[in-house]
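# Observations on the three-dimensional arrangement
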Amino acid sequence: MGEWRSSFDPGERICLLKACRAYKLEVAQSNELSKYMCLENGLACTDKGKLSNCDNKEWNSEDDLYAGERMVTIQKGPLYRAKGYHITIWCNVSGYQGPPQQNFQWSVYKPSAPDRELQIISTLDHANFPYAVYAARVKSKEIYIERIQGDSVLLHLTDLKDEDTGEYECFTPNTDEIYHGTYSGKMNLSVIPDTLSATAKMQAFHRDQGDSLELICEVLTATEQHTHVSVAWYHLQDKGPGQAQKILSLSRDFVLHPGSSYAQRFSSGDVRLDKIGEKEYQLSIVSLQPADQGEMYCEAVEWIQDPDKTWKDIAWKRSNRTSLTIRSLGRLPNPAARRVAGGGSTSRFFYFSAFAAVAHAGQPLKALVDWYNHGSKVATLDPYGALSFQIDYEEQFKKGNLLVKKQSNDKYILRIRQMELKDHGTYSCVVSEMEKAPTGSFTISKEVSSSAIDINVKPRESSLQLFLSINKEEITEGEALFLHCNNGHVAENSLSVKWWLIQKIGDPPVLIASMDPDGQLKIGASYVERNAHGELRAEKMEPSTFTLTIYHTSSTKDTGLYRCEVTEWSKGRSWKHAQEISAKVVSLRLNLTAVLNSRTPNVKLLEDFELFCKLSANSVINKTLVSISWQFKPNSGLGGYQQIVKVTARGTIEWGKAHPHFQKKTKITKSSSSSHLLIRGATWRDSGIYRCEIEVWRSSGPGRDLATLEAAAVVSSNPVEIKVTKPESKLVVHMDAKSLEISNKEDVAIDCNISRLTKGNSQLSVAWYFQPLFPVDSAPVMILKTNYSNILEYGEGFTSPHHKSRFHSKKVSSHIYQLLILSPGYDVQGKYYCGVDEWMLSMDGSWYKLGKTESAKTMIYIKPSENKLRIERTNHSIIATENEDVTLKCILQSLAAQSTSRFSISWFKVSEHTETLVKMKDNGVIEYGGNKKLIRRLRLHHPSVGNFHLAMQNVEMADAGLFYCHVEEWQAANCSGAQVHYASSQSGFSSLVVFPSAPTNSIQICSSRSLYHFILFYPPVLILILVAIFLGLHFKAKLMSKRKMNLEKKAAPGEELRALAPPDFKSSSHSSARVVEEETRSLRSVEMD
């Protein structure tokens, strides 16, 4: 019991503490209180009952519920599990503060001492927390906790015992700044005896190939709870891989599922599984195959439906194994006819099958097989496989009820399905061995007859007896109505049922639902809508039992006389039986309507919106409690309404799992007749249709016991569509274009000025782009980008250390961003601009783009050098063959007067774009470009002063293109020794053309009749053609070699320089860009000519 107080300040928030757990209650007028106490369920009660009703545990204030409070949710109970099996119980916590990994403590309260807490296991103190009775089981891992994620765990009990029955509590220690919400959840677990058994006689069968086999498995269960049983038969081969294969199974819903190896035989009717009694399941295999040899057993599984409507297997058993040996058909003196189905006296509409085994030796014989009934021929199978029938059996064959086939060289089958009275008689077969005469026709060499089989067909009569029962003849509105219609044991899939309701005497019966023999359910027109809401359920529980369940019953719709009409079907005949029973539904006198509205159906992105749900009732019984569920259907149209949040009649909050993002930003309040939903920071995911669903609950037990609450009525509100639209972007960036002319190696800064934003607290992502001057139509490329989290990212072509050291981004202020270019060279000439994206962070942690715009372009030029540095600008053409070596020359025609001058030389290749090959700095350090495949074959030479050569070894076809060099002159400044840029110039272009190496020609002479005659009669002509081709190729190669020698200049041997290969280097000048383009076009036109 908590601490007693008698006075409070108006509006004071009361915090009631008990056993380190806290509960909060908003006090509207605390001066009305004289004292309060702390209750087990966390509700505060006054002795006057003004603030809250202690008996009903209802809240009168709309502020009593808070979104974001800590909420512990545990698996819904009660759960029933069988002794000796494994169980898991889940528990999770939401709405908490503090670290993402929460701790969990599990305890149990035994029925013998419901107030005594027994600690089981904890994630916080694994060793010291368990009580002694559980310590050994925890240590041996018989009991353990599996963490699914930081705020969700599973409790495992691997070997249930009788003493494990009790009320389990999942408690989460507080990590919040204040106590707010619920910190524990409870559920009940009942350990029930394992009564399931699966029994089959331990037998050993020896059967001939083609024989039939019937095995019976007896399945028993005595569980007091309502459970279902599934039965399956398995086959384990003698010499197989050791894993059993499923033959056929009957699911808990009475649906047959064959194994993959038996699917075809199941569809043809050769494999069946029938329930022949209350506890017997018979497996029938017609025409055994050698592959059936091995061991067979049955497995039974018991299922129970948990409170969350899911089915769980709680026990499973296997029977003894039956050994089966298959004997292949041997040599027989005469054909033998054997019956493989039916008996001496066969009921009408059953099927009959027989086969003939024919002896033979050596090659397969040609046989003519005739089947007879009472001496009259039924069918004939000739040696060619052609079938012929008597007129009386032709119609049966067309309907698929008569089958005659040759299954193997020594096995012939006659099968009659759905036998009729006229099919009775004495069946036999005659096998005639045929020999082929010289004329090609067959003659009978030997004829033998089989023994006869007597088949008696009796007319079938219905033995159906019908019993109809109801759970209660008088129920309260909202309770479920259960109708059971039970009949005698009839073969499965031979029954259909119709459920009717006669509301008043003299009224025509109204069809509720019907189920045909195949299990197909059809809902009556008057019950389609109720079925869609889950208020109707018609099932075939067993082959002899049909049930009808009506949930949320109505006094005006469900009171009356119910009729169960069962029809037994068989070919050509049917038997109809009916039973009636009356039911009365007592009205709760409720007339409920729910109205949903919103002030802002059109919501801007990241704005808040509210929904109001109000319950109207003409009369409300005092003992009625209300729960309100808020539901949502996305605009995508996938699926129906799914729960956002629910305030139960017990006052707890249950969050839906389909849309977890609502939980972090939703506030819900509830009163006795209304509810208010506030959703903050609307996003695209919040667009859709909303509705509220109100459930009226009643207590099925005495008084106001919350544990016995049951739903009595449900009403859904009108749908309200919320549309989330993107706000109009107000992002504006300075758009004045400009040009900058700078000196070589002079640092430059380019501004990106954002003059207006859509939202004051939005974040910006700024990207800088570069468009080179050459080629003219080149696409812009991204230099670098700073995202909304201030993370810097370089573009694909600017990731090298060289580029990162030259290009920098700077945020001058909240609205001004700069691009800094350090020590720019001729390669930075071009257009620059910034692209700005505006982003907003939503409450669920997602980023949304509000707008995007780009600035005007800034043109940067490099001033040409005033100093003169002359380089030979003559264009050259170089022709080479694959795998040859090529030398490119760069010659200075005039040098500066100072002897202290140093030179840096850069070689470039122009193809689709300009590519830096190699650069030698003024200090002799060599830097290679990014073409790693080419730099391995490049060598720089400096044979003399002013001569710089580039050798390319083993040229390839891909090396073709235009090449030029760029030379910069550096001189020492005064006596400091520091080098400054003095002059620069560029060479002409060298056009490299690479021809493929001489191909290897091979001639293949195809051997054909016409070619043979051609070579035989015209060899001189062929020889002359070959000689002409040879001479043509010889003179062409000689002419090509001469042309190459005239165009190529000798290269003097030089000194080879080596160095490390740092990242790309590009250099070009504005003044030379147009010259490069014109000369490139002229050289390419020469190459094309």
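For the structure itself, consult the block above.
Residues numbered from 1 in each chain as written. Predicted model: local features only at pLDDT ≥ 70, side-chain atom pairs only at ≥ 80, totals over all residues. Heavy atoms only, no water.

The next thing to look at is the overall build of the protein. Check the secondary structure of the protein and you find nine helices and 81 strands. Counting the 1089 residues in the protein, one finds 44% classified as buried. A separation of at least 24 residues holds for 61% of the contacts in the protein among residues at least 6 apart in sequence. Carbon and sulfur atoms make up 51% of the accessible area of the protein, which totals about 56,600 Å². (Helix = DSSP H or I, 4+ residues; strand = E, 2+ residues; numbered from the N terminus. Buried < 20%, exposed > 50% of the residue type's maximum accessible area, 1.4 Å probe, protein only. Contact = heavy atoms within 4.5 Å. Areas by Shrake-Rupley, 256 points an atom, 1.4 Å probe, with all protein chains shown as cover.)

On to the sheet that holds strand 12 (residues 143-149), then. One open sheet accounts for four strands, arranged 7-9-13-12; its pairing is antiparallel. The strands lining the two open edges of the sheet, one partner per strand, are strand 7 (71-74) and strand 12. When the angles between neighbouring strand axes are averaged without regard to direction, this sheet yields 20°. In this sheet, strand 9 (residues 87-94) lies alongside strand 7 in antiparallel orientation, the contact comprising four bridges. Within the sheet, the bridge partner assigned to V72 lies in strand 9 and is V93. (Pairing = 2+ DSSP bridges. Axes fitted to C-alpha atoms, helices over the stretch in contact; angles between N-to-C directions.)

Attention shifts here to the packing of aromatic side chains. Under the counting rule described, the total for this entry stands at 14 aromatic pairs. Relative to Y833, the ring of Y769 lies with its centre 5.2 Å away and its plane at 15°, an arrangement referred to as stacked. You can see Y769 sitting in strand 62 (residues 763-772) and its partner Y833 sitting in strand 67 (residues 830-841), a full 64 residues away along the chain. Note on Y788 and W847: the rings are 4.0 Å apart at their centroids and 20° apart in plane angle, and the pair reads as stacked. Separated by 59 residues along the polypeptide, Y788 in the loop between strand 63 (781-786) and strand 64 (792-794) and W847 in strand 68 (residues 847-854) bring together distant segments of the chain. Since its relative accessible area comes to 24%, Y788 is described here as partly exposed. Here the aromatic cluster, defined as three or more aromatic residues joined through ring pairs, consists of F609, F632, F662 and Y690. The lysine or arginine in question, R252, covers the ring of W303, its NZ or CZ lying 4.8 Å from the ring centre. Lying across the ring of Y393, K422 places its NZ or CZ 5.8 Å from the centre. (Phe/Tyr/Trp six-rings, centres within 6.5 Å; stacked < 30°, edge-to-face > 60°. Lys NZ or Arg CZ within 6 Å of the ring centre and 35° of its normal.)

Scanning the entire structure with this criterion turns up 31 salt bridges. K161 is paired through a salt bridge with D159; the nearest N and O atoms lie 3.6 Å apart. Judged by its relative accessible area of 30%, D159 falls in the partly exposed class. The shortest N-O distance in the salt bridge between R937 and D959 comes to 2.9 Å. Placement of the pair is R937 in the loop between helix 6 (932-935) and strand 76 (938-944) and D959 in the loop between strand 77 (947-952) and strand 78 (961-972), with a sequence separation of 22 residues. One salt-bridge network, in which partners are shared between bridges, spans R137, E142, D159, K161 and D164. (Salt bridge = Lys/Arg side-chain N within 4 Å of Asp/Glu carboxyl O.)

This paragraph deals with the side chain of S855. Among the structural elements, S855 can be located in the loop between strand 68 and strand 69 (858-862). A residue is classified by how much of its surface remains accessible, and S855, at 11% relative accessible area, is buried. Setting aside anything within four residues of it in sequence, one finds S855 in contact with V733, H734, M735, Y833 and C834.

The subject of this paragraph is the nonpolar core. Among the nonpolar cores identified, the biggest contains 37 residues, and L596, F609, L611, W630, V645, Y690 and I694 are the most heavily contacted of them. Among the nonpolar cores identified, the runner-up in size contains 32 residues, and A82, F205, C217 and Y281 belong to it. (Core = buried A, V, L, I, M, F, W, Y, C linked by side-chain atoms within 4.5 Å.)

So, on to the pairing of strand 24 (residues 294-305). The buried fraction of strand 24 amounts to 10 of the 12 residues, a majority that puts the element mostly inside the structure. In the sheet, strand 19 (residues 227-237) pairs with strand 24 via 11 bridges, with the strands oriented antiparallel. Looking across to strand 24, one finds that L236 is bridged to E295. As judged from the seven bridges shared by strand 24 and strand 25 (residues 311-318), these two strands associate in the antiparallel manner. Along strand 25, the bridge assignment pairs Q305 with W311. What sits between strand 24 and strand 25 in their antiparallel hairpin is a turn of five residues, with K309 showing a positive phi close to 75°.

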